[in-house]
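Coordinate inspection notes
Residue-level listing of the chains:
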Amino acid sequence: MPDGSIVNKTQAGVTTLDALIIGAGFSGLYQLLSLRDKLGLKAKVVEAGDGVGGTWYWNRYPGARCDSESHSYSYYFDKELLEEWQWSERYPGHAEVVRYLNYAADKLDLKRDIHFNSKVLSAHYSQSENKWIVKTEDGREFVCTYLITAVGCLSSTNIPKFPGHESFEGEWYHTGQWPHEGVDFKGKRVGQIGTGSTGIQAVPVIAETAKHLTVFQRTANYSVPAANGPLSPDFQKYVQENREAIKKTIQTTPNGHPFVISERKVFDVDDEEREKIFEEAWTKGGLGFRACFQDIAFDKKANDVAADFIKRKIRSIVKDPETAKKLTDIDHPYATKRPPIDTNYFETFNRDNVTLVDVKAAPIEAITPKGVKTQDGEYELDILVFATGFDAMTGPLLNIDIQGRDGVKLKDIWEEGPKTYLGLQVAGFPNLFTVTGPGSPSVLCNMPVAIEQHVEWIRDCISYLEDNKISSIEATEESMQRWVEHVNDAANVTLMPHAKHTWYYGANVPGKPRVFMPYAGGMARYRAICADIAKQKYPGFKLGNGKHGQSYTPPKISVDDLVEAAMVKGPGV
Ligand code: NA7
């Protein structure tokens, strides 16, 4: 609907609001609180699921667990929330995250303003009214001034189109749409396609009960032990007593995690010392492995040494040399694809009931009534699990028919890849804000850290508009273009371009444009840029009072900038 007359506001089923938020995960909940309670706006959330949790509401597959450490995977804006909640394990499982978000939503009295079971189909901007009109599958209609998408980055499932899929006579599931009642693998021949972060978590758990598990691997992947376990009372005490320092660390490190990046470089130490450092980092486990040397993410030679260490570890764990060979035939530098962490992933291939199939060497040709057919033969299965990931970052937004000024469609603007200013706004879409949108650090950062920054920036921006009676804010075409260039520049100073076949580049979805989507310049740097823009009264945005913010050119970025940003000090928990 281009710019037409706005719906009749008294019409039954139409709700008029200041702000509508789409999604009730980490970001939607905090955005609701910020706009409703802090700014006093009339705000509501619409959510497709029947409960809060966002990504975690849907991702209930066996072994589903966060890769961020629990004490950093929390809201930090509320002292009471922090003090009252205690996580039970080093990495929270999906059920515990959902319990946490329910606890937060109840404590902050958010649920009364959330419409559950309400999936947004369309959001159209009416230019004459300067309003967004949003329609849902269950027949609701909202008219609002501000529209905030809090739809998550990894919520639109990717199910590859294999010929014959519909003929499969067994059960099949995608990990991101897992049945709430669970799946019983006992006595079943199970196949799993995909060995990303999800697949690597699911394999050991499925193998425990399945009669047989066949893992179809296309790209071999690095993984480091998570070293998960219950949190000791001493650690809990440490966390409670050091909240402020931990907060400072997660808000100033490039990736929002509660560890500091070492200042030493891989070739600063001799072979023996280096091996000892890697060994300690491996034993300690988790994403902090990549932080044990400063230059793993930037220097290919340094990265090769870390990669070699992990490959040697895999070979030492996996007993069958053929399987070990397939698992270590890795075609990209460490951490240029999202680096998984695991609990007994490689060990699981020593079980008699687990087989690894290399579908890069012999690709999947079809799904048959009985199972999966590769170039090498047919594998008979009762259950097929798709751990095949997501149409990341853009998928959740493009699944909604979003139309801006003059009926222009977001999907057309993004035909050649996502374009945003700061990952927060798109030119031609006034008053539409995208929490952790493409072009922001989002998936390269511990998500709640990225989310809090975005939600607060959006809150302060709307507050500025309201206080100054400014009807709208909209990124300019020029600032958007410059930001897109900056996002590319930032990716290019890392090793990310060595692996263009990743979902960071949209490569996992056939036909999706190959553009590096998240901002790799680091959360701290990004935070400073956003704060500076707000302080300067929004350069790069067109304001509805007729004032055009002067254009904004992001500062140039180099490896040295990233290294410097990485060298913040904090408690290295
Ligand atoms: P990922 O990381 O996108 O992994 C998907 C996996 O599925 C990966 O191993 C893919 O192989 C594989 N895949 C996808 N399509 C196919 C086809 N057509 N044939 C064979 N194999 C295929 O998704 P995850 O859910 O594991 O993780 C997503 C994020 O969630 C993760 O990064 C964390 O941030 C949390 P490929 O590597 O493309 O060859």
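This text gives an overview of the structure that appears in the document.

Looking at the overall build of the protein chain
- In terms of regular secondary structure, the protein chain is built from 17 helices and 20 strands.
- Taking 2.2 N^0.38 as the reference for a compact globule, 573 residues should give roughly 25 Å; the C-alpha atoms of the protein chain span a radius of gyration of 24 Å, in line with that estimate.
- Its C-alpha atoms put the protein chain at 70 × 55 × 45 Å along the principal axes.
- Relative to its full complement of 573 residues, the protein chain shows a buried share of 59%.
- Put simply, of all contacts in the protein chain between residues at least 6 apart along the chain, 73% involve residues at least 24 apart.
- With the model as given, the accessible surface of the protein chain reaches about 22,700 Å², and the carbon-plus-sulfur share is 48%.
- One finds the centroid of the 66 positive side-chain charges in the protein chain at a distance of 2 Å from the centroid of its 75 negative side-chain charges.

What about the pattern of salt bridges?
- Taken as a whole and judged by the stated rule, the model has 29 salt bridges.
- In this structure, Asp109 engages Arg112 in a salt bridge whose closest nitrogen and oxygen atoms are separated by 2.8 Å.
- What makes Asp109 partly exposed here is its relative accessible area of 39%.
- For Arg112, a relative accessible area of 55% corresponds to the exposed category.
- As a salt-bridge pair, Lys360 and Asp331 come within 2.8 Å of each other at their nearest N and O atoms. With Lys360 in the loop between strand S12 (354-358) and strand S13 (364-367) and Asp331 in the loop between helix H10 (321-328) and strand S11 (341-342), this pair connects stretches of sequence that are 29 residues apart.
- When its relative accessible area of 44% is taken as the criterion, Lys360 is described as partly exposed.
- Linked by salt bridges that have partners in common, Arg36, Asp37, Lys44, Asp109, Arg112 and Asp113 make up one network.

What to know about the site of the ligand
- Thr195, Thr198, Arg218, Thr219 and Lys337 are the nearest of the 18 residues found near the ligand.
- At a separation of 2.4 Å, an oxygen atom of the ligand approaches a polar side-chain atom of Thr219.
- Within the contact set of the ligand, an oxygen atom lies 2.9 Å away from a side-chain nitrogen or oxygen of Lys337.
- In isolation the ligand offers 770 Å² of accessible surface; the protein chains occlude 87% of this area.
- The class makeup of the residues in the shell around the ligand is seven nonpolar, eight polar and three charged.

So, the environment of Thr368
- Among the secondary structure elements, Thr368 is positioned in the loop between S13 and strand S14 (371-374).
- Linking Thr368 and Tyr379, residues eleven residues apart in sequence, is a C-alpha distance of 9.3 Å.
- Residues in contact with Thr368, not counting those within four places in the same chain, are Ser167, Phe168, Lys373 and Glu378.
- Among the polar contacts made by the side chain of Thr368, one reaches the side chain of Glu378 at a distance of 2.5 Å.

A word on helix H14 (residues 447-467)
- For H14, which comprises 21 residues, the first-to-last C-alpha distance of 30 Å matches the rise-based estimate of 30 Å (1.5 Å per residue) to within 8%.
- The element H14 is largely enclosed, with a buried count of 16 among its 21 residues.
- Where H14 ends, the next residue or the one after it, Lys469, has phi of about 50 degrees, a positive value.

Rules of the game
Residues numbered from 1 in each chain as written. Predicted model: local features only at pLDDT ≥ 70, side-chain atom pairs only at ≥ 80, totals over all residues. Heavy atoms only, no water. Helix = DSSP H or I, 4+ residues; strand = E, 2+ residues; numbered from the N terminus. Rg over C-alpha atoms; globule rule 2.2 N^0.38 Å. Buried < 20%, exposed > 50% of the residue type's maximum accessible area, 1.4 Å probe, protein only. Contact = heavy atoms within 4.5 Å. Areas by Shrake-Rupley, 256 points an atom, 1.4 Å probe, with all protein chains shown as cover. Lys, Arg positive; Asp, Glu negative; His and termini not counted. Charge placed at Lys NZ, Arg CZ, Asp CG, Glu CD. Salt bridge = Lys/Arg side-chain N within 4 Å of Asp/Glu carboxyl O. Near = heavy atom within 4 Å. Polar contact = N/O pair within 3.5 Å; in protein donor to acceptor, adjacent residues only side chain to side chain. Nonpolar A, V, L, I, M, F, W, Y, C, P; charged D, E, K, R; others polar. Expected span 1.5 Å × (residues − 1).

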